[in-house]
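A closer look at the structure
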Amino acid sequence: LTRKIVKQTVMTNVYGVTLIGAKEQIAARLREIKDENGQHEFDVVVVSKIALYVAKKIFESLGEMFTQAQQIQNWLNESARRIAKSMPESALESWKRMILDSKESQTKFRSALRDAKENSRVLDNETILEIRPDLGPGAQRRKRLNALATKPMTTVVWTTPLGLTVVQPYRKLVKRNVATTLQSIVVSDSNMPSPVNSQKQKTAFPPNYVHSLDASHMTLSAIECKKAGLVFASVHDSYWTHACDVDTMNNIIRDQFVQLHRRPIMEDLKAEFEDRYKDHMMPVICWEYVSKDNFIDGGKLKLNKARVTKKAERIQKEKEVEMELAMRHLEACGEGEGEGEADKETEDAYATVQAHQARKEAATAEKERVLRAAENLTASLEV
């Protein structure tokens, strides 16, 4: 492997490049390789497989070589994800009140309609709007606002070592259809509050945070160069001055870098998040880590569907056990010598078992019928 093949994937790893994106990057580089005859070195069919293999190996190598850096990136990603999916406790309370008020107004409206029908009269518009103000002018806009109230609106905000507050602007713009005489167009409503783009907030936070530290270092270096009487210019992370002052600027840049990173940067960020988002709440239902024990080591949270349906499965299993016991009890009663007929409870249990078996057999028969119909349709299409 050459440096050119792996460089782009290694460089964009901190920007949240996915495995599929890394595969496409490597595949593009592999397609550029040609032999002495000017022909492509790799066949088009196998390029994708080779690129996927190399991408996986690059990701594994980065995790092994830069363990602590990878853990910090994982922590930044997970912190941003949780922040973007959280809501202030006050917003949750407002949302609950809004839902309760909506249900109460709907109940009153149904009661008023019922009374009007019983008394053979019609509700006038003023009465309707008094009970249901959400049906009046601007109802659609209020409906969209109410829908937005149920979505996370929190962006990731942090403060640089120089005291500059940074806000990530990534949001899902609210779209609305505008019908004209010629066509319908979709426009972004800039006046409507927009929910955050949690995925973009998560993937963009690590590089943005590092860029804010680089910008802080550049500013500190520029200030010290001015104090030393040096001419200073920069483009991104490239710093310039006159040739005679390069050695002096060299010392200033390294000294300011050490001074900056001597600070407890990560501890300060953690303390700021805990203070800024202390009253935020994130809805979590049956989530668990997969592949790793925690997000710092690369674990990912996924919904455990087995745990979600555990209660339903347990209830179903209990019903099946009860039916089986009822069946055995009924058989035992039938085999007794002169003990009489089964009691009413046993007969009810037997009827329940019979109904369950009938439904099960009907479902199986319906499934087989659908499969046969599908096979017949496939056969007719092939003919």
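Residues numbered from 1 in each chain as written. Predicted model: local features only at pLDDT ≥ 70, side-chain atom pairs only at ≥ 80, totals over all residues. Heavy atoms only, no water.

Observations concerning the overall build of the chain
How we decide: Working definition: helices are DSSP H or I runs of at least four residues, strands are E runs of at least two. Numbering for both runs from the N terminus. Working definition: with a 1.4 Å probe on protein chains only, accessible area under 20% of the residue-type maximum means buried, over 50% means exposed, and in between means partly exposed. Throughout, a residue-residue contact means that at least one pair of heavy atoms, one from each residue, lies within 4.5 Å. Shrake-Rupley sampling with a 1.4 Å probe provides the accessible areas, and residues are treated as covered by the protein chains on show and by no other component.
Within the chain one finds 13 helices and 10 strands. Taken across its 383 residues, the chain has 25% of its residues classed as buried. Put simply, of all contacts in the chain between residues at least 6 apart along the chain, 61% involve residues at least 24 apart. Carbon and sulfur atoms make up 55% of the accessible area of the chain, which totals about 27200 Å².

Section: the confidence of the model for the chain
Defined as follows: pLDDT expresses, on a scale from 0 to 100, how confident the predictor is about each individual residue.
For the chain, mean pLDDT is 76; residues scoring 70 or higher make up 67% of the total. A low-confidence stretch, residues 285-289 stays under pLDDT 50, and its non-local contacts, those more than four residues away or across chains, total 22 contacts. Taken as a whole, residues 335-342 scores under 50 in pLDDT and shows four contacts with residues more than four places along the chain or in a different chain.

Notes on the packing of helix H4 (residues 67-84) against helix H10 (residues 265-276)
Quick reminder of the rule: Fitting a line to C-alpha atoms yields each axis, with helices limited to the stretch in contact; the angle taken between N-to-C directions then spans 0 to 180 degrees. Should an angle fall under 35 degrees it is taken as roughly parallel, and over 145 as roughly antiparallel, whereas 65 to 115 is taken as roughly perpendicular and any remaining angle as oblique. Helix crossings get a hand from a simple test, with the near helix turned counterclockwise from the far one by less than a right angle marking a left-handed crossing and a clockwise turn marking a right-handed one. Throughout, the ten residues Ala, Val, Leu, Ile, Met, Phe, Trp, Tyr, Cys and Pro are labelled nonpolar, Asp, Glu, Lys and Arg are labelled charged, and all others, Gly among them, are labelled polar.
Direction vectors running N to C along H4 and H10 enclose 15°, while the axes themselves pass 12 Å from each other. Between H4 and H10, the crossing angle belongs to the class labelled roughly parallel. Both H4 and H10 take part in a crossing whose hand is left-handed. Of the residues in H10, those touching H4 at Ile 72, Trp 75, Leu 76, Ser 79 and Ile 83 are Met 266, Leu 269, Lys 270 and Phe 273. A class-by-class count of the residues in the contact of H4 with H10 yields seven nonpolar, one polar and one charged.

Here we look at the pattern of salt bridges
Note the following rule: Take a side-chain nitrogen of Lys or Arg and a carboxyl oxygen of Asp or Glu: if they are within 4 Å of each other, that pair is a salt bridge.
For the structure on display, the rule yields 10 salt bridges. Here Glu 78 ties to Arg 81 by a salt bridge, and the two come within 2.8 Å at their closest N and O atoms. A residue pair is termed a helical-turn pair when its members lie 3 or 4 positions apart in one helix, as Glu 78 and Arg 81 do in helix H4 at three residues. Judged by its relative accessible area of 8%, Glu 78 falls in the buried class. A salt bridge links Lys 227 to Glu 224, with the nearest nitrogen and oxygen atoms 3.5 Å apart. Of this pair, Lys 227 and Glu 224 both sit in helix H8 (residues 198-227), three residues apart, roughly one helical turn. Residue Lys 227 is classed as exposed on the basis of its relative accessible area, which comes to 64%. For Glu 224, a relative accessible area of 26% gives the class partly exposed. One salt-bridge network, in which partners are shared between bridges, spans Lys 4, Arg 29 and Glu 32.

A word on the pairing of strand E4 (residues 175-179)
How we decide: Here, any two strands with at least 2 DSSP bridges between them count as paired.
Counting buried positions over the five residues of E4 gives zero, only a small fraction of the element. Two successive antiparallel strands, E4 and strand E5 (residues 184-188), enclose a turn made up of four residues.

What to know about the nonpolar core
The following threshold applies: By nonpolar core we mean a set of buried residues, namely Ala, Val, Leu, Ile, Met, Phe, Trp, Tyr and Cys, connected to one another through side-chain atoms within 4.5 Å.
With 15 residues, the main nonpolar core has Leu 76, Val 156, Trp 158, Phe 205, Tyr 209, Leu 269 and Phe 273 as its most contacted residues. Counting only elements with at least two residues in this core, the list comes to H4, strand E2 (157-159), H8 and H10. When residues in this core are grouped by element, the largest group, four residues, is from H4. If we ignore the near neighbours within four places in the chain, the residues touching Trp 158 are Leu 164, Thr 165, Val 166, Gln 168, Phe 205, Asn 208, Tyr 209, Ser 212, Leu 269, Glu 272 and Phe 273. By size, the runner-up hydrophobic cluster in this structure holds 12 residues, among which are Val 17, Ala 27, Leu 30 and Leu 62.

Regarding the environment of Glu 24
Checked against the element boundaries, Glu 24 lands in helix H2 (residues 19-31). C-alpha of Glu 24 to C-alpha of Ala 55: the two residues are 31 residues apart in sequence and 9.1 Å apart in space.

Some thoughts on the packing of aromatic side chains
Here is the rule we go by: Stacked, edge-to-face and tilted are the three classes for Phe, Tyr and Trp ring pairs, Trp counted by its six-membered ring, which pair at centre distances within 6.5 Å; planes under 30 degrees apart are stacked, over 60 edge-to-face, the rest tilted. A ring is scored as having a charge over it whenever the NZ atom of a lysine or the CZ atom of an arginine sits within 6 Å of its centre and within 35 degrees of its normal.
Scanning the model with the defined rule gives six aromatic pairs in all. Taken together, a centroid distance of 6.2 Å and an interplanar angle of 65° make the contact between Trp 158 and Tyr 209 edge-to-face. Here Trp 158 is found in strand E2, whereas its partner Tyr 209 is found in helix H8, with 51 residues between them in sequence. For the ring pair Phe 205 and Tyr 209, a centre distance of 5.8 Å and an interplane angle of 45° mean the geometry is tilted. Here Tyr 209 and Phe 205 lie together in helix H8, a separation of four residues that amounts to about one turn. Relative accessible area serves as the criterion here: at 0%, Phe 205 is assigned to the buried category. Within the aromatic cluster, the residues linked to one another by ring pairs are Trp 158, Phe 205, Tyr 209, Phe 273 and Tyr 277. In this structure, Lys 200 is placed above the aromatic ring of Tyr 170, and the distance from its NZ or CZ to the ring centre is 5.3 Å.

Description of the pairing of E5
Note that E4 and E5 share five bridges and pair antiparallel. Considered in E5, the bridge of Arg 176 is made with Val 187.

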